[in-house]
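Commentary on secondary and tertiary structure
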Amino acid sequence: MHATTIHAAGDIRFEEVPDPQLKRPTDAIVKVTAGCICGSDLWPYRGENRIRPGATIGHECVGVVEEVGSEVRDIRAGDFVVVPFCHCDNTCAHCRAGVHSACVNLGGTTSGQAEYARVGQADGSLVRTEAPADDDALLASLLALSDVMPTGWHAAVAAGVKPGDTAVVVGDGAVGLCGVIAASMLGAERIIAMSRHEPRQELARAFGATHVVAARGEEGVAEVRELTDGIGADAVLECVGTNDAMTTAIGVARPGGGVGFVGVPHGIELPVRTLFERNIGLRGGIAPVRRYLPELLTAVQERRIEPGRVFDLALPLAEVADGYRAMDERRAIKVLLRP
Ligand SMILES: [Zn+2]
């Protein structure tokens, strides 16, 4: 098949690789209808993660089941499915506790930016829905359910957003923007999006942000404090993963507030003393996508949310390298790829 591979920092190729095969009887092979580039794909692209030269890359996709293993019962060839980036059995103790991203049978999509992807634990992982024939907006929103929307949702859940709250979203990437949707769905009354980029500010407002703060660092923290009468936010969604973003997130949280973090941490040093003195709670991690899928899928189907609007560039899969460049240079929020 044709797939996206990474050979070194900045070296994305679209080339022929072996087709993925059923490895376990619980696997399925999915023919990708649409895939996309994740903000976290930029870490290896920028040389900040170790790279295995020639490895396929991409963990977000939706598609049609091509083939299933002998122990797969519920999912059938021909089903249109949302593929959560982390695969899980949906039955083990961790899944039952809602931490599907720590499933004892955890796996992950490794060729989402390709023609085919293997999915482990197909019955537990995959969520079937009607194929969005000729509806690109619906397709985009279903694709957003494979990672970015549930991750933004997880940030809001981890931060403890509840009705009436003031929520701050740090990060105006696709996850942050989905975090705005999530905070709004969970009933936050004031949603402050921290963003310097006009098109992203606009989308944040469309998704439910009531305020936008463009300033960063200490200045940004001061502006949020002013907007909240010096109190700070009840819930803060940290959707970047850098030390600056975490410092800002903790800085804008009110005493007793919560910070939910979903950005893959890179070089973060936690000010434990500050957390202690101000009773700030911190939780988060890899989103248990499968846990949230039923609820979010219904919201998409009923057109209550349109997370697919984070895709502002669609390219043929063969032009995937251009997509990485566009996201790296922040010319695109998120890139959708069609084989
Ligand atoms: Zn499990």
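Notes on the structure follow. (Residues numbered from 1 in each chain as written. Predicted model: local features only at pLDDT ≥ 70, side-chain atom pairs only at ≥ 80, totals over all residues. Heavy atoms only, no water.)

**Observations regarding the overall build of the protein chain**
When its secondary structure is counted, the protein chain shows 12 helices and 18 strands. Projected onto its principal axes, the C-alpha positions of the protein chain cover 60 × 40 × 40 Å. Taken across its 339 residues, the protein chain has 54% of its residues classed as buried. Across the protein chain, every contact between residues at least 6 apart in sequence was considered, and the portion connecting residues at least 24 apart equals 68%. When the accessible surface of the protein chain is split by element, carbon and sulfur atoms take 47% of a total near 14,600 Å². Here the protein chain carries 33 positive and 44 negative side-chain charges, and the mean point of each set is 4 Å from the other. (Helix = DSSP H or I, 4+ residues; strand = E, 2+ residues; numbered from the N terminus. Buried < 20%, exposed > 50% of the residue type's maximum accessible area, 1.4 Å probe, protein only. Contact = heavy atoms within 4.5 Å. Areas by Shrake-Rupley, 256 points an atom, 1.4 Å probe, with all protein chains shown as cover. Lys, Arg positive; Asp, Glu negative; His and termini not counted. Charge placed at Lys NZ, Arg CZ, Asp CG, Glu CD.)

**Let's talk about unusual backbone geometry**
Backbone geometry at aspartate 134 places phi at a positive 55 degrees, although glycine is not the residue there. Here aspartate 134 is to be found in the loop between β10 (127-129) and α4 (136-144). Taking relative accessible area as the criterion, aspartate 134 reaches 82% and is therefore assigned exposed. For arginine 330, which is not glycine, the phi torsion reads 55 degrees and is therefore positive.

**Notes on the pattern of salt bridges**
Once their charged atoms are close, side chains differing in charge can pair, the charge on each being opposite to the other. Applying the stated criterion across every chain yields a total of 15 salt bridges. One salt bridge connects arginine 118 with aspartate 27, and the closest N-O pair in it is separated by 3.9 Å. Taken together, the residues arginine 118 in strand β9 (residues 116-119) and aspartate 27 in the loop between β2 (11-16) and β3 (28-36) connect sequence positions 91 residues apart. In this structure arginine 118 comes out as partly exposed when scored by relative accessible area, which is 25%. A residue is classified by how much of its surface remains accessible, and aspartate 27, at 3% relative accessible area, is buried. Residue glutamate 60 pairs with lysine 334 through a salt bridge whose shortest N-O separation is 3.0 Å. Taken as a pair, glutamate 60 in the loop between β4 (55-56) and β5 (61-68) and lysine 334 in the loop between α12 (320-328) and β18 (335-338) lie far apart in primary sequence, 274 residues in all. Since its relative accessible area comes to 2%, lysine 334 is described here as buried. Ionic contacts of the salt-bridge type, sharing partners, join the residues Asp172, Arg200 and Arg330 into one network. (Salt bridge = Lys/Arg side-chain N within 4 Å of Asp/Glu carboxyl O.)

**Observations concerning the nonpolar core**
Ranked by internal contacts, the top residues of the largest apolar core, which has 56 residues, are Val62, Leu142, Leu145, Met149, Val161, Leu237 and Phe311. Looking at which element gives the most residues to this core, the answer is helix α6 (residues 174-185), with 8 residues. Both of domain 1 (2-147 + 288-338) and domain 2 (150-284) provide at least three residues apiece to this core. Every residue in contact with leucine 142, bar those within four places of it in the chain, is listed here: Val62, Phe80, Val82, Thr129, Glu130, Pro132, Leu297 and Val300. Within the second largest apolar cluster, 20 residues are counted, among which are Val168, Val170, Ala233 and Ala245. (Core = buried A, V, L, I, M, F, W, Y, C linked by side-chain atoms within 4.5 Å. Domains from an automatic or database assignment.)

**Digging into the packing of α6 against helix α7 (residues 198-207)**
The contact between α6 and α7 brings their axes to 8 Å, and the two run at 20 degrees. As summarised for this structure, α6 and α7 are arranged roughly parallel, according to the angle between their axes. The crossing of α6 and α7 is right-handed. Contacts between α6 and α7 involve Leu177, Val180, Ile181 and Ser184 from the former and Arg200, Leu203, Ala204 and Phe207 from the latter. (Axes fitted to C-alpha atoms, helices over the stretch in contact; angles between N-to-C directions. Parallel < 35°, antiparallel > 145°, perpendicular 65-115°, else oblique. Left-handed = near helix turned anticlockwise from the far one by under 90°.)

**So, the sheet that holds β4**
One open sheet holds the 3 strands; their spatial order is β2-β1-β4, and the pairing between them is antiparallel. Across the chains shown, the open sheet's two edge strands, defined by having one partner strand only, are β2 and β4. Bridging between strand β1 (residues 2-8) and β4 involves 2 bridges; their strand directions are antiparallel. Note on β4: the bridge partner recorded for isoleucine 6 is alanine 55. Against the sheet, α12 touches β1 and β2, its axis set at about 160 degrees to β2. (Pairing = 2+ DSSP bridges.)

**Side note on the pairing of strand β14 (residues 233-238)**
A large share of β14 lies buried, amounting to 6 of its 6 residues. Direction of pairing for strand β11 (residues 166-170) relative to β14: parallel, over a ladder of 4 bridges. Among the inter-strand pairings, valine 170 is bridged to a residue of β14, identified as glutamate 238. In the sheet, β14 pairs with strand β15 (residues 253-261) via 5 bridges, with the strands oriented parallel. What sits directly across from alanine 235, in β15, is glycine 258. In this view, the connection linking β14 to its parallel neighbour β15 by way of helix α9 (residues 243-252) has right-handed handedness. (Right-handed = clockwise from strand over helix to strand, strands pointing away.)

**A short note on the environment of aspartate 41**
Note on placement: aspartate 41 falls in the loop between β3 and α1 (42-45). Accessibility expressed as a relative area gives 4% for aspartate 41, which makes it buried. Spatially, the C-alpha atom of aspartate 41 lies 34 Å from that of phenylalanine 276, the residues being 235 residues apart in sequence. Apart from residues lying up to four places away in sequence, aspartate 41 is in contact with Cys36, Ile57, Gly58, His59, Gln113 and Tyr324.

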